[in-house]
Each structure stands twice: as structure tokens, then as C-alpha cells.
Amino acid sequence: MSILRLLFIVLLLLNLLALAANQGYFGTAAPAGEPERLTNQLHPERIALDGERPPAAPPAQPAPSQPAPAPAAPAGALPVAQAACVSLGGLGGEAADTLARSFDGPLFEVRRDSTTTTSSWWVRIPPDGTREYADRKGRELRALGVTDFFITQEAGPTQYSVSLGLFKSEAAANQHLANLRRAGVRSAGITSRSITTHSLQIRGPQSEIDTRLASAALPAGTTPQPCTEP
């Protein structure tokens, strides 16, 4: 047998062996096209062989949280659009107390302010706490020719003062005191007298404010006015 014929036989045998291996005659794996087919399925991760448990489905995603509802307005709260505001000034302490109590309740907001101002200047001889002292000062004044005075009787820190005049301006009080000094009065002096007034700002439903003001005993000369402050 020639060498060329031997080589041809060997190549033919090798080709036959390769063909047999490719067809799976020697226990090889499944055809090469199977993995590509598996990956093209809709859910390849759920495929299980006989006797195996299929993998569990992925847990459902929670629904997106909804925003919390806005808190409800407290009972009795007054919408801003319905609120009105009135102001009353020049009130004494007792009148302000009485009027504020008449608007006590959840529908109303009451703001109170107080102002103290000097109302007059008083020329007087201060008391020492006894009537005898005041009477003695009165006799001394008459001896100096001063007769325009009186002794205060009202109980309190000014009782038994010898009043020599009440003036609306400090300049007028100083001028009167200078005249008394020239007459020989040495124990007199000047003290200021103050007055405290109160004002109320009332916020609430206009109809309710009007109703309560109509039934309130307002001091003479007191007239409700629109609020000037926000």
C-alpha cells in the first residue's frame, strides 16, 4: 500500500470520528442551539428540572406612599376671610375688664394695651399722715395771706395733703409755686398726677362683634373704630 493511500484512509477515519462526536454518539451534551433557545424564553429563571422546586416569584413592590392628608382645622376656628377687627380706646380699667369678659370665647381674640400719661401737675404740701399736721399747715397759710387751698379727705396715700392748685401744664404749676415761695410758703412742692387708659382690639365674626357691642354698656364717648394695626 502506498503512503498516499494510507494518508487518505487516516483522514477519512478522522472525519468519520468527528461526525460521530458531533451527533452525540459518544454521550456529549445537547445540541449547541439549546442554550440560545433557553435564553430567548420569557422567564428562563423559572425553568426547573423534574423533581426540583421552581424558584419563588420576586416579592411585589409596595405601592408608592400617598401624601398625608392636611390636618383639619380645629373646631371653632375662624377663617381669615370672615374675621373682622374693631378697636375701642380711652377705657378705664373697670370698663376694659367688663368689655373683655363679654368677648370671652373661642370665636374671639382680644388684645389689650395700656397707656399711662401725665394728666396734671399738683401743687401741694405733702401729708405726714395726721389731720393735726394738715390743720397746722392751713393756719400757717392763712397767716401768710394764702386762702386758696383745701385739705384732701379721700383715704389713700394723699389723704391730708394740703392742695394749693391743680394745673394742666408743668410750666403753670412752676409759676404758681414761685408765687407761693415769694409769699413765704416753704413746705409746698409739685407732684405729677398720672392716668392710665386702656384700649381693646377685638377680632372675630363681624356680626357677632356687632351683636355683643350693641348689648354692652360702653362708656360715654367710646366709639368702636376699625383696627389700624394688622
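Now for a look at the structure at hand. As a convention, each chain's residues are numbered from 1 in the sequence order in which they are written. The predicted nature of this model means local features are confined to residues of pLDDT at least 70 and side-chain atom pairs, given and counted, to a pLDDT of 80 or more, with totals for whole chains, interfaces and linings taken over all residues. For side-chain calculations, the full set of non-hydrogen atoms in the structure is used, while hydrogens and water are omitted.

Description of helix α4 (residues 131–143)
Under the convention used in this document: A helix here means a DSSP run of H or I that spans at least four residues, while a strand means a run of E at least two residues long, and both kinds are numbered starting from the N terminus. Residue count minus one, scaled by 1.5 Å, sets the expected span of a helix. Only protein chains enter the area calculation, which uses a 1.4 Å probe; residues under 20% of their type maximum are buried, those over 50% are exposed, and those in between are partly exposed. This arc describes the spread of directions from the helix axis toward the C-beta atoms. Contact definition: two residues touch when any of their heavy atoms are within 4.5 Å.
Taking 1.5 Å of rise per residue, the 13 residues of α4 would be expected to cover 18 Å, and the 19 Å separating its terminal C-alpha atoms lies within 8% of that figure. Among the residues of α4, those classed as buried are Tyr 133, Ala 134, Lys 137, Gly 138 and Leu 141. The arc enclosing the buried residues of α4, seen along the axis, measures out at 140 degrees, which places them on a common side. Residues of α4 that are exposed and point over 90 degrees away from its buried face: Glu 132, Arg 139, Arg 142 and Ala 143. Where α4 is buried, its residues meet β2 (109–125), β3 (150–151) and β4 (162–167).

Looking at the state of the cysteines
The condition that has to hold: Sulfur atoms of two cysteines make up a disulfide when they are within 2.5 Å.
Tallying each qualifying case throughout the model produces one disulfide. Each sulfur in the disulfide pair Cys 85 and Cys 227 lies 1.8 Å from the other. Its S-S torsion of approximately -75 degrees makes the covalent link between Cys 85 and Cys 227 left-handed. Separated by 142 residues along the polypeptide, Cys 85 in strand β1 (residues 83–91) and Cys 227 in the segment after β6 (225–226) bring together distant segments of the chain.

A word on the nonpolar core
As a rule of thumb, soluble globular proteins bury nonpolar side chains together. Just so we agree on the cut-off: We define the nonpolar core as a collection of buried residues of types Ala, Val, Leu, Ile, Met, Phe, Trp, Tyr and Cys that are connected through side-chain atoms lying within 4.5 Å of one another.
Counting residues in each nonpolar core, the largest one holds 17 residues, and the members touching the most others are Ile 125, Leu 141, Val 162 and Leu 164. Mapped by element, the contributors of at least two residues to this core are β2, α4, β4 and α5 (170–183). Apart from residues no more than four positions distant in its own chain, Val 162 is found in contact with Val 123, Arg 124, Ile 125, Ala 134, Lys 137, Leu 141, Phe 149, Phe 150 and Ile 151. Counting eleven residues, the second-largest nonpolar core is a separate cluster that includes Val 86, Ala 96, Ile 202 and Leu 213.

Looking at the environment of Glu 208
Within the secondary structure, Glu 208 is located in helix α6 (residues 206–215). The class of Glu 208 is partly exposed, set by a relative accessible area of 30%. A C-alpha to C-alpha distance of 9.4 Å links Glu 208 and Phe 103, two positions 105 residues apart in sequence. In this structure Glu 208 touches Leu 107 and Phe 108, once residues within four positions along its chain are discounted.

Distances and angles like these do not, on their own, reveal function.
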